[in-house]
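Listed below are the residues making up each chain.
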Amino acid sequence: MCGIVGAVANRDIVPILVDGLRRLEYRGYDSSGVAVIEASQAINRVRAVGKVAELESALRKGSAPTGGTGIAHTRWATHGRPSESNAHPHMCRQRVAVVCNGIIENHDQLRSEQISAGYEFSSETDTEVIVTEIHRHLEQGLELRPAVQRTVEALEGAFAIGVIATDQPDRLVGARRGSPLVIGLKDGEAFLASDMAALIAVTQRFIILEDGDIAEISCGNVSVYDDGRPVQRPIHISPLSADAVELGNYRHYMLKEIYEQGRAVADTLEGRLTTNRLLEAAFGPDSGPIFDATKFVQIIACGTSYYAGLVARIWFEAHGIPCDVEIASEFRYRAHVVPDDTLLVAISQSGETADTLAAVQEAKRLGYRYCAAICNVPESALVRGADLVLMTHAGPEIGVASTKAFTTQLTALLLLMIALGRRYGMSADTEAKIVAELRSLPVKIEQALRLDTEIAQIAEQFADKQHALFLGRGAHFPIALEGALKLKEISYIHAEAYPAGELKHGPLALVDANMPVVAVAPNNQLLEKLKSNIHEVRARGGKLIVFTEAAAGIDADSDLQVLPVAPVDDSISPIIYSIPLQLLAYHVAVIKGTDIDKPRNLAKSVTVE
Ligand code: F6R
């Protein structure tokens, strides 16, 4: 999704802007651009379609911009196709330049008014109405910040913007409503970005703008305004280090993040368990009474995070905790009967997913009293708006395909299951057993990662396939869903997952020797049922790849390959079985030569509806 970087300093800030864009590349984008106010006080803008590398080569050609005040952007097309003229920054009459993340819903109406006022447009974007509106206000004699304020008041939608103007060449103005924006602080310099990761090479000191804030930034001077009145916002020190987002010796971020899962899960458990108990304070000081009052859990999330929710429902209900799970973009647009004393649980890696945030708002409007967030980004809108927070300490996830975020979400959901389960009669013995299994996770994850080489060989069989089917049962059906999602998003092979018992109700018609069927077959109480489903596939000439334990007694033959997973307790087995499926998708994508960390058409953080 789009990314914003801005800077004001007494030095050439173009390298900082470009480095910031590079650090935002993981979010997904299709074009980029930079605009800088040069010593001549003119704005010099360069834009390019494609990767930031294309922008860098455009910057090397012609009169490369240099200057101390500038903005830059990576664009993920919403209004208008990816093209140089649609790329940001957008300018109005060489006087103002704007970058924007988000969507302006009333752009048609504003554009008509602006055309009547004599303005012309050079792009198909909604952003161009912002820059034009600011220009109109500058023409009326307003300074930059009030002109931005007036403009923002006229906009409908969710957005974050960065603005520069030749009227005040030493100034950068940022505004946010519904889309994240932070200010980076450094002695004598200041920066703006939609994500701290963009600025981590220049500073670790940040102000996180609140919704409705407008910031006026000059060299080392930052003023924040809410509704035109100056406000103080606290300074946060980011725990991110520049190397946390470096690739190191890995070929792709996705592989690095798959391999980081043992550590990420250990960090997510850190400080939250005694030898045999959950420390409930992990959920914050207000958690006790909220958990006491909870009679129902409603989970909302999107994509991979939704699949984590599906696993959680099965875990929760096994301990008597009533639970429902819904995709956030569906939840927000239908009528609900709100069960009494429901705890809303929003799961999101980024904490900025527009549909999830909107679903939380809608839930609050409907009367859901408390919202718990399971999230990986402490400064995110989701975390800041939640009543209870359980951070997953996965560290920055750069690969677009979620991996360590998923396994740490599952880990956090097990902690939530214990906290609520205690209120539903979970015994101290059961809790101690689950805690012991949680503690064993890092080791078991390392064991699962040892399947890497074998999985890389099996991946060869997928390279020429158009479709694949994933099967699972119980808590491993969502794992099959997640395996299929991983495969389709990074290898572009169409993959579907079915609860194995559903095969005979339709999908069996698809099975032939050209359709690899991946079965997730842990040694649990559903194993015998799953074995029958495996037979159904074999009887139709299907080719099976089965992830299972030796003790399950599924034997390999010419139509069935077994990938041996080390024995694992049912309580944590969905976490362990998701790892070989991540590796499978990764290796298939390597063979197919796709852009693994930035798959086509996708964005890391989906901040638009
Ligand atoms: C898939 C993936 C997406 C995200 C989804 C929600 O690999 O990453 O499906 O899970 O866009 O994102 P978050 O968790 O940030 O709300």
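Right above here is the structure, for reference.
This write-up is about the structure you can find in this document. (Residues numbered from 1 in each chain as written. Predicted model: local features only at pLDDT ≥ 70, side-chain atom pairs only at ≥ 80, totals over all residues. Heavy atoms only, no water.)

## What about the sheet that holds strand β10 (residues 189–193)?
Point 1. If you trace the 8 strands from one edge of the open sheet to the other, you get β3-β2-β4-β1-β10-β9-β11-β15, paired in antiparallel fashion. Among the strands making up the open sheet, the edge pair consists of β3 (43–49) and β15 (235–237). Mean inter-strand twist for the sheet, computed between neighbouring axes without regard to direction, equals 20 degrees.
Point 2. Lying on the sheet, helix α1 (residues 14–24) is in contact with β1 (3–8), β2 (31–37), β4 (69–75) and β10; it crosses β1 at an angle near 160 degrees.
Point 3. Contacting β2, β3 and β4, helix α2 (residues 52–60) crosses the sheet at an angle of about 135 degrees to β3. (Pairing = 2+ DSSP bridges. Helix = DSSP H or I, 4+ residues; strand = E, 2+ residues; numbered from the N terminus. Axes fitted to C-alpha atoms, helices over the stretch in contact; angles between N-to-C directions. Contact = heavy atoms within 4.5 Å.)

## Observations regarding the pattern of salt bridges
Point 1. As enumerated under the stated definition, the model contains 36 salt bridges in all.
Point 2. Salt-bridge contacts for lysine 404 lead to glutamate 260; the nearest nitrogen and oxygen are separated by 2.6 Å. A residue pair is termed long-range when its members are at least 10 positions apart, and lysine 404 in helix α13 (residues 404–421) and glutamate 260 in the loop between α6 (253–259) and α7 (261–269) qualify at 144 residues.
Point 3. Looking at lysine 404, the relative accessible area reads 2%, which means it is buried.
Point 4. The shortest N-O distance in the salt bridge between lysine 295 and aspartate 341 comes to 3.2 Å. (Salt bridge = Lys/Arg side-chain N within 4 Å of Asp/Glu carboxyl O. Buried < 20%, exposed > 50% of the residue type's maximum accessible area, 1.4 Å probe, protein only.)

## Some points on the site of the ligand
Point 1. The ligand sits among 14 residues. The nearest are Ser305, Ser348, Gln349, Thr353 and Glu489.
Point 2. Between the ligand and glutamine 349, the relevant distance is 2.7 Å, taken from an oxygen atom to a main-chain nitrogen or oxygen of the residue.
Point 3. In this structure, glutamate 489 approaches the ligand through a side-chain N or O atom, which is 2.5 Å from an oxygen atom.
Point 4. Within the complex, the protein chains bury 89% of what would otherwise be the 410 Å² of accessible surface of the ligand.
Point 5. Listed by contribution, the elements that provide at least two residues to the shell around the ligand are α9 (303–318) and α16 (477–491).
Point 6. Tallied by class, the residues present in the shell around the ligand amount to 4 nonpolar, 8 polar and 2 charged. (Near = heavy atom within 4 Å. Polar contact = N/O pair within 3.5 Å; in protein donor to acceptor, adjacent residues only side chain to side chain. Areas by Shrake-Rupley, 256 points an atom, 1.4 Å probe, with all protein chains shown as cover. Nonpolar A, V, L, I, M, F, W, Y, C, P; charged D, E, K, R; others polar.)

## Regarding the side chain of histidine 73
Point 1. When you line up the elements, histidine 73 lands in strand β4.
Point 2. Here cysteine 100 takes part through its backbone oxygen, which lies 2.8 Å from a polar atom of the side chain of histidine 73.
Point 3. Among the polar contacts made by the side chain of histidine 73, one reaches the side chain of asparagine 101 at a distance of 3.0 Å.

## Focus on helix α11 (residues 354–366)
Point 1. With 13 residues, α11 should cover 18 Å at 1.5 Å per step; its first-to-last C-alpha distance of 18 Å lies within 8% of that length.
Point 2. Among the residues making up α11, those that are buried are Ala354, Asp355, Thr356, Leu357, Ala359, Val360, Glu362 and Ala363.
Point 3. The secondary structure elements touched by the buried residues of α11 are β16 (296–301), α10 (328–331), β18 (342–348), β19 (370–375) and α12 (381–385).
Point 4. One or two residues past the end of α11 sits glycine 367, with phi positive at roughly 110 degrees. (Expected span 1.5 Å × (residues − 1).)

## Quick notes on unusual backbone geometry
Point 1. Backbone torsion omega between histidine 88 and proline 89 reads 0 degrees, so that peptide bond is classified as cis.
Point 2. Positionally, proline 89 belongs in the loop between β4 and β5 (90–92).
Point 3. Of note, glutamine 94 is a non-glycine position whose phi angle comes to about 60 degrees, a positive value.
Point 4. Positionally, glutamine 94 belongs in the loop between β5 and β6 (96–104).
Point 5. Despite not being glycine, aspartate 341 shows a phi value in the positive range, around 50 degrees.
Point 6. On the basis of relative accessible area, aspartate 341 is assigned to the partly exposed category, the value being 35%.

## Focus on the nonpolar core
Point 1. If you look at the biggest cluster of nonpolar residues, it comprises 92 residues, and the most contacted ones within it are Phe316, Phe462 and Phe470.
Point 2. The element that contributes the greatest number of residues to this core is helix α18 (residues 573–592), accounting for 12 residues.
Point 3. Core analysis: the second largest hydrophobic core is formed by 33 residues, Val14, Leu59, Ala72 and Ala193 among them. (Core = buried A, V, L, I, M, F, W, Y, C linked by side-chain atoms within 4.5 Å.)

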